[in-house]
Amino acid sequence: SLVDGLGGERSRWEGSIATLELALTNLTGDCLLAAAFLSYCGPFDAEYRASLLQQQWLKSVRTLQIPCSEHFDFCHFLANNEDVRDWNIQGLPADAFSTENGVMVTRGTRWPLMIDPQEQANKWIKNMEKAAGLKIITLKQSDFLRTLENAIQFGQPVLMQEVMEELDPALEPIMSRAIVKVGNRQIIKLGDREVDYNIDFRFYLTTKLANPHYTPEISTKATIVNFCVKQQGLEDQLLGIVVRKERPELEIQKNDLVVAVASGKRKLVELEDTILRMLSSASGCAAARGG
């Protein structure tokens, strides 16, 4: 009776299988495009990013017959709507350019160095990491290395503000992640001190310079992300502000829908797992009785 009752689920599961198989087929090209975008697009504005992706990389991938999604979306590939909604609540502007920046800051393997003359990234990072005990430092502070040592040991996030075009050489081991494994411990050397490295440690850097020129050495060790607001991004942000002011019920409805969809997807996965477990136990009981 359980199998008969699940007859209506067959078409949905077949549709899910087809979608997943297509996504799996396109995974190679999508991963290649996402890695390229994450590695190289950070310093550029929205127009140049779109030009690189649409006019160059996608064309090259298709010319080389590497399977990829027809409408590849960097943000959709590396983040879900619930994450983006949380970032917006924490102060990240809701335009597409800022969402791309949010993905690059949170998904990259190198520490992010954010070009932030309007201090939008500063506000977002402070709100996002507040609950984790964010430490805020500048290179002008005499004890910034001591703060970094403690944060590395205890796995706390650190925001370094007002970075200029050159970094202090003392930051080199952190930027290059020069971590050494000694037995069960992970060690990083800061100056003449060896510090236990906690994998929960996170490091963010921001600069107020609108057009800085960083050396290749810094560019290869940090993910440079451009938060400078240009006309198109400002229009998108202003549109979002106007909607929130004039039609706040639409913003509330949008947030409620994102939460409801995410909750529905989680519930669906739980129910599918329960169904499969029941089917498996039912099959086992039938086999035992047959034996």
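Thresholds, definitions, all that
Residues numbered from 1 in each chain as written. Predicted model: local features only at pLDDT ≥ 70, side-chain atom pairs only at ≥ 80, totals over all residues. Heavy atoms only, no water. Core = buried A, V, L, I, M, F, W, Y, C linked by side-chain atoms within 4.5 Å. Buried < 20%, exposed > 50% of the residue type's maximum accessible area, 1.4 Å probe, protein only. Helix = DSSP H or I, 4+ residues; strand = E, 2+ residues; numbered from the N terminus. Contact = heavy atoms within 4.5 Å. Phe/Tyr/Trp six-rings, centres within 6.5 Å; stacked < 30°, edge-to-face > 60°. Lys NZ or Arg CZ within 6 Å of the ring centre and 35° of its normal. Axes fitted to C-alpha atoms, helices over the stretch in contact; angles between N-to-C directions. Left-handed = near helix turned anticlockwise from the far one by under 90°. Disulfide = S-S within 2.5 Å.

**Student:** Run through the nonpolar core, naming residues and quoting values.
**Tutor:** The biggest cluster of nonpolar side chains holds 32 residues, and the ones touching the most others in it are Phe74 and Ile125. Those elements that provide at least two residues to this core are helix H3 (27-40), helix H4 (46-63), helix H5 (74-78), helix H6 (81-89), helix H7 (96-107) and helix H8 (120-128). In contact with Ile125, other than residues within four places in its own chain, are Val105, Met114, Leu134, Leu159 and Tyr204. Formed by 27 residues, the second largest nonpolar core is a distinct cluster that contains Ile115, Ile137, Met175 and Tyr197.

**Student:** Summarise unusual backbone geometry; cite the residues concerned and give the values.
**Tutor:** Although it is not a glycine, Gln65 adopts a positive phi angle of roughly 60°. Mapped onto the elements, Gln65 comes out in the loop between H4 and H5. Among the residues examined, Gln65 registers a relative accessible area of 70% and is labelled exposed. In the Ramachandran plot, Arg177 falls in the positive-phi region, its phi being about 50° despite a non-glycine side chain. By secondary structure assignment, the location of Arg177 is in the loop between helix H10 (172-175) and strand E4 (179-182).

**Student:** Let's hear about the packing of aromatic side chains: which residues, and what values?
**Tutor:** Across all of its chains, the model carries eight aromatic pairs by this definition. Seen in terms of ring centroids, Phe44 and Tyr48 are 4.7 Å apart; in terms of plane orientation they differ by 65°. Their pairing is edge-to-face. Look at Phe44 and you get partly exposed, because its relative accessible area is 31%. For Tyr48, a relative accessible area of 39% translates into the label partly exposed. Both rings, one in Phe72 and one in Phe77, keep their centres 5.9 Å apart while their planes meet at 50°; by these two values the pair is tilted. Cluster of aromatic residues (ring-pair linked, three or more members): Trp111, Tyr197, Phe201 and Phe203. The ring of Trp111 has Arg177 sitting right over it, with the charged end atom 3.7 Å from the ring centre.

**Student:** Mind laying out the packing of H3 against H4, listing which residues take part and the relevant values?
**Tutor:** Following both chains from N to C, one finds H3 and H4 inclined at 145°, their axes separated by 11 Å at the closest point. Relative to H4, the crossing made by H3 is right-handed. Residues Leu32, Leu33, Ala36, Phe37 and Tyr40 of H3 lie in contact with H4, whose contacting residues are Arg49, Leu53, Trp57, Leu58 and Val61.

**Student:** With reference to specific residues and values, describe the state of the cysteines.
**Tutor:** Enumeration over the complete set of coordinates arrives at zero disulfides. Cysteine Cys31 is unpaired, with the sulfur of Cys68 as its nearest cysteine sulfur at 12 Å. Residue Cys31 is classed as partly exposed on the basis of its relative accessible area of 38%. Left without a disulfide partner, Cys75 is nearest to the cysteine sulfur of Cys41, which lies 11 Å away.

Interpretation note: all reported values are geometric properties and have no functional meaning in isolation.
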